[in-house]
Amino acid sequence: MKNISNVFWISVAIVVAAVIFGVAAPTSFEEITGNIQSFITSAFGWYYLILVTIIVIFCLFLIFSPVGAIRLGKPDEKPEYSNTSWFAMLFSAGMGIGLVFWGAAEPLSHYITPPLAEGATNAAQKEAMRYTFFHWGIHAWGIYALVALALAYFNFRKGEPGLISATLKPVLGKKAMEGILGTIIDVLAVFATVVGVATTLGFGAAQINGGLAYLFGIPINFFVQFIIIAIVTVLFMISAWSGLSKGIKYLSNANMILALALFLLMFIAGPTILILDMFTDSVGGYIQNLIQMSFRIAPLNEEHRSWINGWTIFYWAWWISWSPFVGIFIARVSRGRTIREFIIGVLLAPALVSFLWFATFGTSAVEVQKEGNVDLSQFATEEVLFAIFNESSLAIILSIVAIILVSTFFITSADSATFVLGMQTSYGSLTPTNSVKLTWGILQSTVALILLYSGGLQALQNALIAAAFPFSIIMVLMMVSLFRALTKEKKELGLYLKPKPRKKAETPQR
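Because the structure is predicted, anything quoted here is derived from the model rather than measured.

A few words now on the packing of aromatic side chains. Remark: the centre distance and the inter-plane angle together describe each pair of aromatic rings, the angle taken between the planes. Considering all chains together, one arrives at 36 aromatic pairs under this definition. Between tyrosine 144 and tryptophan 319, the aromatic rings sit 6.0 Å apart at their centres with planes inclined by 80°, giving edge-to-face as the arrangement. Taken together, the positions of tyrosine 144 in helix 7 (residues 138-157) and tryptophan 319 in helix 15 (residues 302-332) put the pair 175 residues apart, joining distant regions of the chain. Geometrically, the ring pair formed by phenylalanine 222 and phenylalanine 226 is tilted, given 6.5 Å between the ring centres and 45° between the ring planes.

A few words on the side chain of glutamine 369. Along the polypeptide, glutamine 369 turns up in helix 17 (residues 349-371). Judged by its relative accessible area of 17%, glutamine 369 is buried. The contacts of glutamine 369, once residues within four sequence positions are left out, are Leu108, Tyr111, Ile112, Val374, Asp375, Leu376 and Ser377.

Quick look at the nonpolar core now. Trp102, Trp141, Trp440 and Phe471 are the most contacted members of the largest nonpolar core, which totals 171 residues. At 22 residues, the largest contribution of residues to this core is made by helix 20 (residues 434-493).

Taken together, the side chains of Phe222, Phe223, Phe226, Ile227, Ile231, Val234, Leu235, Ile238 and Tyr453 define a hydrophobic patch exposed on the protein surface, amounting to about 870 Å² of accessible area. Considering each element in turn, the nonpolar patch owes the most residues, 8 residues, to helix 11 (residues 222-242). If you trace the backbone, isoleucine 238 turns up in helix 11.

Time to look at the confidence of the model for the protein chain. Scored by pLDDT, the protein chain has a mean of 86; 92% of the residues are at 70 or more. Element-level mean pLDDT values for the protein chain span from 76 in helix 3 (residues 83-94) up to 97 in helix 13 (residues 272-288). In this model, residues 505-510 is a region of pLDDT below 50 whose contacts with residues beyond four sequence positions or in other chains number 0 contacts.

Next up on the list: the packing of helix 6 (residues 122-136) against helix 13. At their nearest, the axes of helix 6 and helix 13 sit 9 Å apart, and the two run at 65° to each other. With respect to helix 13, the element helix 6 is oriented roughly perpendicular. The crossing of helix 6 and helix 13 is right-handed. Between helix 6, through Gln125, Lys126, Met129, Arg130, Phe133 and Phe134, and helix 13, the contact on the second element is made entirely by Met278, Phe279, Asp281, Ser282, Val283, Gly285 and Tyr286. Taken together, the residues of the contact of helix 6 with helix 13 sort by class into 7 nonpolar, 3 polar and 3 charged.

Right, let's talk about the layout of surface pockets for a bit. The computed volume of the largest pocket comes to approximately 410 Å³. Lining of the largest pocket is provided by 22 residues; of these, Ala18, Phe29, Thr33, Phe191 and Val195 occupy positions nearest its centre. Counting only elements with at least two residues in the lining of the largest pocket, the list comes to helix 1 (6-24), helix 2 (26-64), helix 10 (180-216) and helix 20. The element contributing the most residues to the lining of the largest pocket is helix 20, with 7 residues. Looking at the lining of the largest pocket residue by residue, the classes come out as 21 nonpolar, 1 polar and no charged.

Within this structure, the stated rule accounts for 10 salt bridges. In this structure, arginine 157 engages glutamate 489 in a salt bridge whose closest nitrogen and oxygen atoms are separated by 2.7 Å. Here arginine 157, found in helix 7, pairs with glutamate 489, found in helix 20; they are 332 residues apart in sequence, far enough to count as distant. You can call arginine 157 partly exposed: its relative accessible area is 22%. Looking at glutamate 489, the relative accessible area reads 5%, which means it is buried. Its salt-bridge partner being arginine 337, residue glutamate 341 comes within 2.8 Å of it at the nearest N-O pair. Owing to a relative accessible area of 31%, glutamate 341 belongs among the partly exposed residues under this scheme. Here the salt bridges do not stand alone but share partners, grouping Arg157, Lys158 and Glu489 into one network.

Definitions and limits used
Residues numbered from 1 in each chain as written. Predicted model: local features only at pLDDT ≥ 70, side-chain atom pairs only at ≥ 80, totals over all residues. Heavy atoms only, no water. Phe/Tyr/Trp six-rings, centres within 6.5 Å; stacked < 30°, edge-to-face > 60°. Helix = DSSP H or I, 4+ residues; strand = E, 2+ residues; numbered from the N terminus. Buried < 20%, exposed > 50% of the residue type's maximum accessible area, 1.4 Å probe, protein only. Contact = heavy atoms within 4.5 Å. Core = buried A, V, L, I, M, F, W, Y, C linked by side-chain atoms within 4.5 Å. Patch = residues over 30% accessible without salt bridge, like charges linked within 9 Å, V, L, I, M, F, W, Y side chains within 5 Å. Areas by Shrake-Rupley, 256 points an atom, 1.4 Å probe, with all protein chains shown as cover. Salt bridge = Lys/Arg side-chain N within 4 Å of Asp/Glu carboxyl O. pLDDT = per-residue confidence, 0-100. Axes fitted to C-alpha atoms, helices over the stretch in contact; angles between N-to-C directions. Parallel < 35°, antiparallel > 145°, perpendicular 65-115°, else oblique. Left-handed = near helix turned anticlockwise from the far one by under 90°. Nonpolar A, V, L, I, M, F, W, Y, C, P; charged D, E, K, R; others polar. 1 Å grid on protein atoms, 1.4 Å probe; cavity = no way out; pocket = protein on both sides within 12 Å on 5 of 7 lines; lining within 4 Å. Points joined across faces, edges and corners; volume = space filled by probe spheres on them.

Following this line, the structure appears as structure tokens:
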């Protein structure tokens with residue numbers, strides 16, 4: 001137990017206390033988290049919008065900066081994983097279940113209740129795709145990229161432990177980060193990770209339940225979701241036991257194959273030409289309206305502001321709460337890459353794939369709704385995808401592939417989270433013990449169950465926003481710390497866009 005830090009015991013105590021409270025008083029738990037969520041979104045919505053936009057600008061700046069040539073490791077170090085495996089792992093950990101859960105449901109929701117346009121119109125359909133791209137595009141991946149880059153830089157370049165607190169030494173000092181303040185920061189990161197992952201596991205269990213209900217008539221209730229989470233917990237713990245290079249790597253590659261299969265099946269079965277047209281038009285609309293969407297908060301319109309709170313602010317909080325987990329995991333698998341290669345890979349490639357995914361599933365959902373054979377709005381979010389499949393000739397195949405994909409994404413996310421939580425609570429060790437990973441695996445599944453029990457998906461969303469807020473402040477400090485460290489190293493290495501002009505030697509008189 002020597003390699004287990006105080007962060008482990010404090011974090012476990014806090015999580016267990018939250019679990020006990022959720023079991024003993026589920027109604028009070030939902031009410032308290034709901035009040036916190038309401039306060040944060042109404043009082044600090046502007047803060048989330050500005051912060052996330054600044055993070056994106058900072059990441060884009062680093063791509064074109066001379067520091068982009070700095071390698072995350074030794075100068076001659078090569079990447080540990082191939083580009084394919086690297087992309088598969090960061091994508092599975094970073095989005096995973098979310099893409100399948102929201103792929104059809106979010107564009108459909110925006111089409112019926114758009115942020116600005118009249119509902120169920122062509123203008124609403126275009127707006128729906130544009131805002132979906134916005135929520136899953138470079139802003140989301142910019143949050144992940146910042147945390148991951150800071151961790152990878154200080155860990156592999158500067159030899160610091162793989163802890164959030166270690167990235168803040170240039171700002172807050174070595175003594176503070178190795179003392180009580182550093183412990184508090186790492187505990188916040190662990191708690192945000194547990195709640196963020198538990199929320200997504202709750203979404204995953206609900207969607208697997210929805211798929212089973214559609215295929216086999218199994219009821220949608222807490223008991224069924226309990227069984228699903230219990231089974232998946234056993235599976236991801238077996239994977240976690242096998243280690244990073246085996247379990248997570250193989251599962252991530254399997255995820256990409258299954259995701260590609262589901263994507264191609266839907267692309268072929270859906271309105272193919274319209275999907276391509278909507279993708280092209282929506283990318284253009286996204287780029288054209290990016291600045292306006294980034295700062296839109298509707299201060300004088302309560303209805304529009306409510307929509308922003310429920311979608312944009314929720315998503316920014318979701319990505320922030322996931323950033324310690326995804327950031328540490330992406331950092332761990334990105335050793336040997338240059339900063340420029342890292343940011344381009346993390347920021348742009350997954351965003352493009354997300355756009356293709358939502359264009360395919362979102363357009364298909366809206367077209368099914370337009371045809372009028374079935375009203376998709378009557379279905380719960382986790383059932384929408386399967387309701388769309390039911391209108392296709394490939395219904396059974398699509399549904400089975402989707403359930404398997406959600407399950408493997410579920411296992412990969414939970415598996416990755418146990419590794420990251422173990423790392424954060426073992427002094428940043430790159431090889432946390434199986435006992436620590438087992439503890440966190442059981443706890444995060446328990447939290448997911450408690451959140452579902454205490455109020456379903458609404459309680460999950462409330463808890464998510466509450467957990468993200470304190471970590472957002474840490475992210476501001478991480479950005480400042482990384483900028484200072486990179487600026488210092490740029491001077492030491494003499495990195496400039498153009499070489500500094502030498503002083504001209506005096507011309508001798510003839």
